[in-house]
Each structure stands twice: as structure tokens, then as C-alpha cells.
Protein chains: 2
Amino acid sequence: MERRTFLRTGLALGAASVGGGIGLLPELARAVPRRSADTLRLSSNENPLGLAPAARRAVIDGISEANRYPDEARDEMVEALARLNGVARENIVLGCGSTEVLQMAVQALATPDARLVLAEPTYEDVPWYCEPFTYRLERVPLDARFAHDVGRMQERAESAGSRALVYVCNPNNPTGTLTPSAEIDAWIESALEHVYFLVDEAYFEYCKDPGYWSCVKWIAQRPNVIVTRTFSKIFGMAGMRLGYALAHPETTALLRRYIGRVNANYLALVAGLASLRDPELIPRGCDANARGMRILYDCLDELEVEYLPSHTNFVMHRIRGDLRTYRQRMSEHGVRVGRPFPPMLDHSRVSIGLPEEMEQFADVLRTFRRNGWI
Amino acid sequence: MERRTFLRTGLALGAASVGGGIGLLPELARAVPRRSADTLRLSSNENPLGLAPAARRAVIDGISEANRYPDEARDEMVEALARLNGVARENIVLGCGSTEVLQMAVQALATPDARLVLAEPTYEDVPWYCEPFTYRLERVPLDARFAHDVGRMQERAESAGSRALVYVCNPNNPTGTLTPSAEIDAWIESALEHVYFLVDEAYFEYCKDPGYWSCVKWIAQRPNVIVTRTFSKIFGMAGMRLGYALAHPETTALLRRYIGRVNANYLALVAGLASLRDPELIPRGCDANARGMRILYDCLDELEVEYLPSHTNFVMHRIRGDLRTYRQRMSEHGVRVGRPFPPMLDHSRVSIGLPEEMEQFADVLRTFRRNGWI
């Protein structure tokens, strides 16, 4: 094991002597490209803390069971999530990431005349999943607060009289901004049954605003509300692919018609279960994020660069010139930042890394300023 | 780490001291049910050797990256699979297990008047995925050889003139039997374009019969042939959820419209890549399987129990009386065996464990015989 990897697993692993000769694909042994250790990876809203120590340990303990189908661990996870969220097992649907639950919703709710009403910009997976279906996409620009324009979305959803799937990512990605939960509640309260709310709460744990709360409160009574959560963000498990939906049992039954059988990886399940038992995981993640965010804000303030105050683990800030050039220059300075999010092409999205990484990023921004690039 | 788990990871891991207190869900710490170490798990066609040593090592090395989305590892895997199978990257679609690829095929090929033509019994996932669609299911009993009845399947598929999705699991699960590849080839050769072949080769590596070969040879020319493979069986990665399809680029493009975004777990990818580089993995798995199979056959021969000679890592044998009672008794003797596979309810499916496990299973069978239960 390379020394660096050894240290980064965060566990004292003895020096292992394992066979593992080069065989079937000998040329692969050297062909494997490695991520550069020097690149600052601030493009994908990943949690830089990585898996929790208890989750790392659970993965290692779990290796000897990874040849078995994960039915029991799956049951344990459903039970744990039900308990965590104060709901019944029937309210939970696991996904291969929350994206699979988004996919199930799109598939389960498709009708020939359905509409998908969503903000612009917002997370791209839902419109992507709509592509093979006849959904009519209704993109409603974020309002002046960079919140979902609930009034206009409601108008678009309810004017047709046919089914509408309303996608609400709150806090929103890629903007990091909040839509006041009271506004969403008011709409759900009055909404017709044929309006389905798919509420993506991927960044739920990061958001401390008193005007923000979960839509889970609706699922007991309203089959037309689906909430999604993920282990990819605060739990630091983006590569492990585990997420879930919370919904009324009628609705989870509908979603499960489109589920992938055995869609959750055993090691993801044991890592997730260990993470749920770690009382420090969420505070630790939020604290590291807040420190990294502070460093970024201070630098952006110092340089007088406009940005959208964020309720997540990423921030959108203004750039000068075109985004492609900006990202290319960032890349040349060893920083990977977020892709283009039309129509906000005068902004760049940067994810919050470790505090020391954000210091490095701030230095790059200062260099950019000196060069007149920002 | 429990001593047993410590040993079973197959790696010399130092005794780790990790925080991991009990927190969010304190009651879970004790509530976690554990699989009984004394149960012989012979129900799910899992590879008892577990992950290859190199794959175990790759998982441990990969933990520090499991908080990152796995795009690069995914690219490496597609490249490796293309090379392994002598095809292009465009011919490969990764799945969260091969089951996700089966799901994509069912979804992508659904039409209002489509038929699904399949053997009875065969693997259940494909008809399960058909359930929300208007597929008309045409179940064709296996023939006297317990092979697919290609003639009758062809008749059912081609009589309607509308699209037919033909599912061929070869070797077949749950019977372990073979359909001669020449018979499948002859049909594909003459088949109309609206007949799609979904050929499940999950047990491909186990089958040594000279009358068996892959349907991959067809994909260059025939967009209506889809072959699926998995890391769950010979690669011992059932819990890791990784499989793939091999098909014509037109067809992979169609399948990808229904893919789950980021459907492959990072640790599964690195474990899979390490497994592909291990030249001993397949011979080792086949050898252990053959030894276990020999022990089972010898016992069944000794007891004069009828069975279907198998081309896989499981065997169907005759039972007396009803399957529910048989399985219950097996469970009381610490053995988990396969579920009911209608209409073959006078047979039980047993997976091949380690040779020593098969000795134990043989002893249980002898006990059953003494009790008049078999």
C-alpha cells in the first residue's frame, strides 16, 4: 500500500501481503490513470472529510461479506432510516444514490400529458430522466432572491389540469440558495392531488436557516409528496451510492415498481449504518464546512466578488468573461470547479473543501484578480 | 474488530483504534442482527471464496476516495471490459448489477404490444421489471433436456408480428442447465429485426461445455442482441453490485436512456478492476466450484437422488414432499437453500459452497435420508 493511501484511509492497517498478480489484463496495471494528488477537487459538492472513521471501519469489516447479497443489511438500513426520520419502514425506499429515487419518481409518474415543473437552474438529473418520456418541461427561472419562484411554478403546474411533477431542490443546487419552507408548505397545503412534489433535500443537514425545514412532515397525509435524501453529502459517501425517498406508503409502493432489484451495495449499507451511529458526523461535517465557507467568503469579500450566500457545501460566485476560459485557467492552477449551469454562465460553482484547501483556493482567486481574470 | 471478522477479511489488518461512538441511533448498536456464523448459506448462488485478495486490497485502498464520485474509475472499467471482451467502449453499459441492465432493456424495449418470451422456470428479474408495462408474457416450459425450447420460443416470439423481447438465461438459473449455443445462434441468424434477444450470461465463466459459447459474437452486426454479464458470480462480488451489458452502439445508446446516473459504486469499480487483473481468479473459482460440485454429486449419487447436472455454481435436485417443509427442515439443520421456483416445486436449488461446506451439506442430506425426508 502506498504510504499516502495508507495514511488517508484513516485507519492503522498493517502492511498487507496479498498475492494479486497481474493477469487477465496485464496492461491495465500501468494503464490506470490516477487522480492527481495535487488537484483541488472543488467541482462536485463532495464532502472532503471522506467516510466517517466508523464507516471506514465498517467497510473493512464488511469486505468478507461483500460476496453475499445484502438483504439483511438492507433491512437494517430501512429500519434505521425509519427510526431516524420518525416514520414507518413502509415510508422508505432505498436508492442507488438518491438519483435512483428521482428516476423512479419520473418513471412512476409519467403520463402522456404530464408536466415537469422545475427551477432554472436546478439539479439536472430529473430533467435528464424525463428525456425518454413525454413530459412537457416547464422551466421557471429562480426569482430575485435566487429562490424557487413558487407562485409562477404553481401557475405552470396547475394551469393544465393534467398531472404535474414539481421538482423542488431545497436548498437548491447549483445556487446553494434557499426557498422558504413556508412558501412550499402553503402550496402543498392547497395543491390539487394531481400535483406531485418531488422535494430533493440532498443538502438538508447543512442548512441552519430558521426558515428551512423538511417536507417530510407531509408524507403521512399526502401521497403526492416525495422527499429524497442522500448519503453522498454530509455523510461523505458520494462514491458509495446510497440514498432514499420518504413518502406515503401508497407512493413508495408506486416507486418500488421501478426500483432496481438489489440496488444498494452491501459496503454502502454497512458504512451508512455505522455513519448513522456516529453522533459527531453531522456536527463535524457542518463545522468543517462552515470554516471552509468562512475562508471563501472572506476572500470573495476582500476581492469584492459577488456571490450567493449558501445554505449548502458549495457557493456560486460571479466571474468575469466566459466560464470555459475561467474553468480552464482554474484547471491550469490545479483546481477543478463546477461545470456550466445555464443560464447562470457568469457564475462559477465552487464546492467547499477542507479549510486548508479553501486557503489554497483563496490564493488562486487572488492570483486571478492580479491577472484581471476575476 | 471481532476475531472472526478479522480473520475472514483475508488481510492482516492491524488492530484499529477508531472513535466511532454510539450516537444518532444508539439503540442500533445492539439491535443489529448478525447473520449466524453457523448457517450454511447455499441459497443465492454466491461465490463462497468471496472477493479476490487483490479486490479486498483495492477496497481498502479505495476507502479514502469513496467520498468522491467515481467517474474516472468508471471510465477505467468501461475500458477494461471493452478490452477483455474485444469490443469498443461504445459496446459497454455498466449496471448496478447486471439486473439494472436487464431493467434498462425491459424499459427501453417496451411497446404497447410487446411480448416477453421466456423460459419457465428462469431467472425472475426480467418478468418482474415487465410488471408496470403492457408486455404480454409468454412463458415456454424448458424442454425435456431442461434447455430452452428454442423452437416454441421462436414460434411465440414471431407469430405476433410485433416486438418480442426474448430472454435467454444461459446457462439457465435456477436449473443450471445449458441451451446449446448453436440453437440460439441459428435463431438469431434468421430472426426478424423486431425480435430482441436479451441473453443473460451471469454464469458464463463456469460453463466448460464445448457446445456453449457467448452471444457476444453477434453484437457487432445485430442491434437486437444484448448480452449481460455480472461481477456477482465468478468474481464473488454479489454484494458490490456491478454488472454490464454488451451490445451494438445503437442499442447501448437506447439502454443508456434508462440508466441510473452514477450507478456503479466506486469500491465496486476498484474491486472489479483489481479482479480483472488477477489471472488466478477464474481458475480458482472454477476449481473450488468443481470440487464442491463433485462432493454434492457423489452424495446425491450415493443417495440415488435425481439431479440436473449443472453448468453453473448451483444444482437442482429432487426432493420428496413439499418444498416448504424441506426448506424449513434444512433451516433447522442450519442450511439455507434456494426459494421455490415454480413449476419445479419438487426440486430444491442448492448453491455450491466451499468444499468443506459441501461435506457438511452432504451430511445433512444423509440425515434427511435416514429420516425419510429425501
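Residues numbered from 1 in each chain as written. Chains lettered and ligands numbered in written order. Predicted model: local features only at pLDDT ≥ 70, side-chain atom pairs only at ≥ 80, totals over all residues. Heavy atoms only, no water.

### Thoughts on the pairing of strand 5 (residues 164–169) of chain A
Each regular strand carries side chains that alternate between the two faces of the sheet. Residue and element names in this part refer to chain A. So the rule is basically this: Buried residues are those whose accessible area, probed at 1.4 Å on protein chains only, stays under 20% of the maximum for their type, while exposed residues exceed 50% and partly exposed ones sit between those limits. Helix and strand definitions here come from DSSP, where helices need a minimum of 4 consecutive H or I residues and strands a minimum of 2 consecutive E residues; each element is numbered from the N-terminal end. Two strands form a pair only when DSSP identifies at least two bridges running between them. Handedness of a crossover is defined as follows: with both strands directed away from the viewer, a clockwise route from the first strand across the helix to the second makes it right-handed.
In terms of residue burial, strand 5 counts as a mostly covered element, since 6 of its 6 residues are buried. Here strand 5 shows two buried faces, one formed by Ala-164, Val-166 and Val-168 and the other by Leu-165, Tyr-167 and Cys-169. Two strands pair when backbone bridges link them, and strand 5 and strand 6 (residues 195–200) are joined in this way by 6 bridges, in the parallel orientation. Across the sheet, Tyr-167 pairs through a bridge with Leu-198, a residue of strand 6. This β-α-β element, strand 5 to helix 8 (residues 181–190) to strand 6, shows right-handed connectivity.

### Here's the deal with the domain arrangement of chain A
All names here are of chain A. Quick reminder of the rule: By convention here, the domain bounds are inherited from an automatic or database domain assignment. We call two residues in contact whenever any of their non-hydrogen atoms come within 4.5 Å of each other. When two components associate, each loses some accessible surface as probed by a 1.4 Å sphere; the sum of these losses over both components is called the buried area. Salt bridges are defined as contacts in which a side-chain nitrogen from Lys or Arg sits within 4 Å of a carboxyl oxygen from Asp or Glu.
Entries for chain A in the domain assignment read domain 1 (55–276) and domain 2 (281–370). Domain 1 and domain 2 are separated by 26 Å when their C-alpha centres are compared. The partner domain 2 presents 19 residues to the 21 residues of domain 1 that form the contact. Carbon and sulfur atoms supply 70% of the area that domain 1 and domain 2 bury against each other, a total of about 1,800 Å² over both sides. For the pair domain 1 and domain 2, the interface holds 1 salt bridge. Here Arg-339 ties to Glu-124 by a salt bridge, and the two come within 3.1 Å at their closest N and O atoms.

### Observations concerning the environment of Leu-109 of chain A
Residue and element names in this part refer to chain A. Mapped onto the elements, Leu-109 comes out in the loop between helix 5 (98–108) and strand 3 (115–120). Distance from Leu-109 to Leu-345, taken between C-alpha atoms, is 32 Å for residues 236 residues apart in sequence. If we skip the residues at most four places from it in the chain, Leu-109 touches Ala-114, Tyr-135, Arg-163, Leu-165, Tyr-196, Ile-226 and Leu-254.

### Digging into the nonpolar core
Here is the rule: Nine residue types can take part in a nonpolar core, namely buried Ala, Val, Leu, Ile, Met, Phe, Trp, Tyr and Cys, and a core is a set of them joined through side-chain atoms within 4.5 Å.
Counting 125 residues, the largest nonpolar core has Met-240 and Leu-267 of chain A together with Met-240 and Leu-267 of chain B as its most contacted members. Once residues lying within four places of it in the same chain are set aside, the contact partners of Met-240 of chain B are Ala-66, Asn-265 and Leu-267 of chain A together with Leu-51, Val-59, Asn-265, Leu-267, Ala-268 and Ala-271 of chain B. Core analysis: the second largest hydrophobic core is formed by 27 residues, Ile-295, Leu-300, Leu-303 and Ile-374 of chain A among them.

### What about the sheet that holds strand 7 (residues 225–230) of chain A?
Residue and element names in this part refer to chain A. Our working definition: To get an axis, a line is fitted to the C-alpha atoms, and for a helix only the part in contact is used. The angle between two axes follows their N-to-C directions and goes from 0 to 180 degrees.
The mixed open sheet is built from 7 strands, whose spatial order is 2-8-7-6-5-3-4. Unpaired on one side and paired on the other, strand 2 (92–95) and strand 4 (136–141) mark the two borders of the sheet. Adjacent strand axes in the sheet meet at a mean angle of 20° when their direction is disregarded. Here helix 9 (residues 249–256) sits on the sheet in contact with strand 2, strand 7 and strand 8 (243–247), set at roughly 30° to strand 2.

### Observations concerning helix 3 (residues 53–62) of chain B
Of all the 10 residues making up helix 3 of chain B, 8 are buried; the element is thus mostly covered by neighbouring parts of the structure. Taken residue by residue, helix 3 of chain B has Ala-54, Ala-55, Arg-56, Arg-57, Ala-58, Val-59, Ile-60 and Gly-62 of chain B as its buried positions.

### Points about the sheet that holds strand 10 (residues 314–318) of chain B
Residue and element names in this part refer to chain B. Taken together, the 3 strands give an open sheet; going across it, the order is 9-10-12, and neighbouring strands pair in antiparallel fashion. Both outer strands of the open sheet, strand 9 (307–308) and strand 12 (347–351), are each paired with one neighbouring strand and no more. Bridging between strand 10 and strand 12 involves 5 bridges; their strand directions are antiparallel. Across the sheet, residue Val-315 finds its bridge partner in strand 12, namely Val-350. Strand contacts of helix 11 (residues 281–302): strand 9, strand 10 and strand 12, with the helix running at about 5° to strand 10, the strand carrying the most contacts.

### Notes on the pattern of salt bridges
Residue and element names in this part refer to chain B. The final tally for this structure, using the stated rule, is 50 salt bridges over all chains. The salt bridge involving Glu-138 is made with Arg-156; its shortest N-O contact spans 2.9 Å. A residue pair is termed long-range when its members are at least 10 positions apart, and Glu-138 in strand 4 (residues 136–141) and Arg-156 in helix 7 (residues 150–158) qualify at 18 residues. By relative accessible area, Arg-156 is classed as partly exposed at 23%. The closest approach of N and O atoms between Asp-346 and Arg-318, which form a salt bridge, is 2.6 Å. Placement of the pair is Asp-346 in the loop between strand 11 (335–337) and strand 12 and Arg-318 in strand 10, with a sequence separation of 28 residues.

### Structural notes on the packing of aromatic side chains
What counts is decided by this rule: Here the aromatic set is Phe, Tyr and Trp, taking the six-membered ring for Trp, and pairing holds for ring centres within 6.5 Å; pairs whose planes are under 30 degrees apart are stacked, those over 60 apart are edge-to-face, and all others are tilted.
Taken as a whole and judged by the stated rule, the model has 22 aromatic pairs over all chains. Taken together, a centroid distance of 4.8 Å and an interplanar angle of 45° make the contact between Phe-231 of chain A and Phe-235 of chain A tilted. Judged by its relative accessible area of 4%, Phe-235 of chain A is buried. Between Phe-204 of chain B and Tyr-212 of chain B, the aromatic rings sit 6.1 Å apart at their centres with planes inclined by 50°, giving tilted as the arrangement.

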